[in-house]
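Survey of secondary and tertiary structure
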Amino acid sequence: MSTSIQIQAVLNGTINALKSVIPYDIQVSPPTITSDPYEQNEIGVLIGMVGDLKGRIIIDSTPDTFSAIGAGMYGMTLEGAMLESFTGEFGNMIAGNLCTFAAEKELDLDITPPTVMVGHTKLYGFQHAFKLPVTIDNTGKLIILLTIDTNE
């Protein structure tokens, strides 16, 4: 399977996972490719991918958006340490669903434990990444950044 087909499967799997996990309607904008360092300003989660494709999935948003997603899923507002914990678990849910989708496409992926990032963080060290903007109805926006490690 070519790298471009693997990347397409991961992007499609990510969209599928978002639609499965988030209890609201979502709109996904077309992905763009970037090689610039990515700056996260408030809160996000990073999960490593290993297997047939190596890289990272970063889910970036605001505390208000993650809290609203949590409220939709659990019926209560999350803040502080609970919100940070939920953000990591949300990343796990998305990445876990992605791995299931990938397996159905005969793509072997596994994930690392989530790393929650709070505050201003600058991410670099990748040659290119796919940036997937997501709008969640009456909730907020997410940025999904998929970085791919090449074997060059």
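Scroll up to find the structure.
Quick caveat, the model's predicted, so the values are computed rather than measured. (Residues numbered from 1 in each chain as written. Predicted model: local features only at pLDDT ≥ 70, side-chain atom pairs only at ≥ 80, totals over all residues. Heavy atoms only, no water.)

Quick notes on the overall build of the protein
Of the regular secondary structure elements, the protein holds three helices and 10 strands. Along the protein, helices (α) and strands (β) appear in the sequence α-β-β-β-β-β-α-α-β-β-β-β-β when read from the amino end. Here the C-alpha radius of gyration of the protein, 15 Å, is about what a compact globule of 152 residues would show, namely 15 Å. By the burial criterion, 43% of the 152 residues in the protein qualify as buried. Here the analysis covers contacts within the protein between residues at least 6 apart in sequence; of these, 70% occur between residues at least 24 apart. (Helix = DSSP H or I, 4+ residues; strand = E, 2+ residues; numbered from the N terminus. Rg over C-alpha atoms; globule rule 2.2 N^0.38 Å. Buried < 20%, exposed > 50% of the residue type's maximum accessible area, 1.4 Å probe, protein only. Contact = heavy atoms within 4.5 Å.)

What about the environment of Ala68?
For Ala68, the position within the fold is in helix α2 (residues 63–74). Taking C-alpha positions, Ala68 is 9.9 Å from Ile136, a pair spaced 68 residues apart along the chain. Ignoring sequence-local partners within four residues, the contact set of Ala68 consists of Tyr24 and Thr139.

Describing the environment of Ile136
By the secondary structure assignment, Ile136 is in strand β9 (residues 129–136). Residue classification places Ile136 among the buried residues on the basis of a relative accessible area of 2%. Sequence separation of Ile136 and Ser85 is 51 residues, and the distance between their C-alpha atoms is 21 Å. Those residues in contact with Ile136 that lie beyond four places of it in its chain are Ile22, Tyr24, Asp25, Ile26, Thr65, Ile69 and Leu142.

Observations concerning the side chain of Ser67
Considering the arrangement of structural elements, one finds Ser67 in helix α2. Residue Ser67 is classed as buried on the basis of its relative accessible area of 10%. A polar contact of 2.9 Å, which involves the side chain of Ser67, links it to the backbone oxygen of Leu78. (Polar contact = N/O pair within 3.5 Å; in protein donor to acceptor, adjacent residues only side chain to side chain.)

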